[in-house]
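Architecture at a glance
Given next are the chains, with one letter for each unit.
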Amino acid sequence: MRGARSGQGAAPAQWVLIAPEAAIDPPKTLDSEPLFTKLRNPSTGEATLYLFNSGAQQLFEVKAFHEERRSWFIGQTVQQDGRLLFVTPMDPLFLILYYLIKADKEQQGKFQPLDQVVLDSEYPSCPLLLKCADVKQYIQHVTEEKEIGSQKFHKYSQEKTLKWLKKKVNQTVKALKSNNISVGERALASTFINSKQITDAQEDYVRYAHGLISEYIPEDLSKELLKYLGLPELRSPAPEPPVKMPEKRRAKKK
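To start, this report covers the structure provided alongside it. This structure is a prediction, so every number in the text was calculated from the model and none was measured. Along each chain, residue indices are assigned from 1 in the same order as the chain's sequence is written. Local features in a predicted model are, by the rule used here, given only for residues with pLDDT of at least 70; side-chain atom pairs are given and counted only at 80 or more, and totals for whole chains, interfaces and linings are based on all residues. Each side-chain value is derived from all of the structure's non-hydrogen atoms; neither hydrogens nor water enter the calculation.

The number of helices and strands found in the chain is seven helices and eleven strands. Going through the 254 residues of the chain one by one, you find that 36% of them count as buried. A run of H or I in DSSP counts as a helix once it spans at least four residues, and a run of E counts as a strand once it spans at least two, with each numbered from the N terminus. Buried residues are those whose accessible area, probed at 1.4 Å on protein chains only, stays under 20% of the maximum for their type, while exposed residues exceed 50% and partly exposed ones sit between those limits.

Looking now at the nonpolar core. Note on terminology: a nonpolar core comprises buried Ala, Val, Leu, Ile, Met, Phe, Trp, Tyr and Cys residues joined through side-chain atoms within 4.5 Å. Ranked by size, the top nonpolar core spans 44 residues in total, and within it Ile96 and Leu129 carry the most contacts. Contributions of two or more residues to this core are made by β4 (35-40), β5 (47-52), α1 (93-106), α2 (114-117), α4 (158-178), α5 (202-213) and α6 (219-228). Ranked by residues supplied to this core, first place goes to α1 with nine residues. Note on contacts: a residue pair is in contact if any heavy atoms of the two residues lie within 4.5 Å. Among all residues touching Ile96, those that are not within four sequence positions of it are Val118, Leu129, Leu130, Val135 and Ile139. Counting seven residues, the second-largest nonpolar core is a separate cluster that includes Phe36, Val62, Leu85 and Val87.

What follows is about the pattern of salt bridges. Salt bridges, as used here, are contacts in which a Lys or Arg side-chain nitrogen is within 4 Å of a carboxyl oxygen on Asp or Glu. Per the stated rule, a full pass over the model turns up nine salt bridges. Several salt bridges converge on common partners, so that one network encompasses Arg40, Asp120 and Glu122.

See the structure below:
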């Protein structure tokens, strides 16, 4: 891909990527070209690469596959950045949710305009999340809303958020089943057994889907979602006792 901006005011660059057409549609105006930028990861809070398409109407997650000593021939030039980027659509509500939870803790449940909540001095592209299509329509899935005059105010709602996340889990379970993807303890056997012969329990699917969704939400919320789904928290197995040292070896150590 050529011509996309990388960060605020950076010069156009080029990469090799696999992306849907919506991610790389040509801009309608000169100042609305696709933008690669780092935003705060909604699960870890760390810097993560994302892509806004033309006009910032849609957000995409960017995953990089990297091998040492790899480069690309692009036209008559050699691109030293040998990464292969995978671009997939992402719901911007996950990233907005991080700021809603943060504001709820800091402001003790105070209603605020969204443009005062979704702000981050370390990530100046953060407000673009509010430009994504349908955000203002679907923000009600994770917030309580008040309207005063012509202005709307929001605050985080854990109850609504858990209902919304449960729907995400159910959609993921449906997708896993429709694509004959085996999960749970028997997943390894799918390499040798026809997938139609393997029947995973519903709990296996729900737990697996919960794990996928948890990659996009804070740990505390992931635990609350686990309870909301009625899934018991898995405990790590007890450590095995140390192997007894042979009598002769113990005698030598003395």
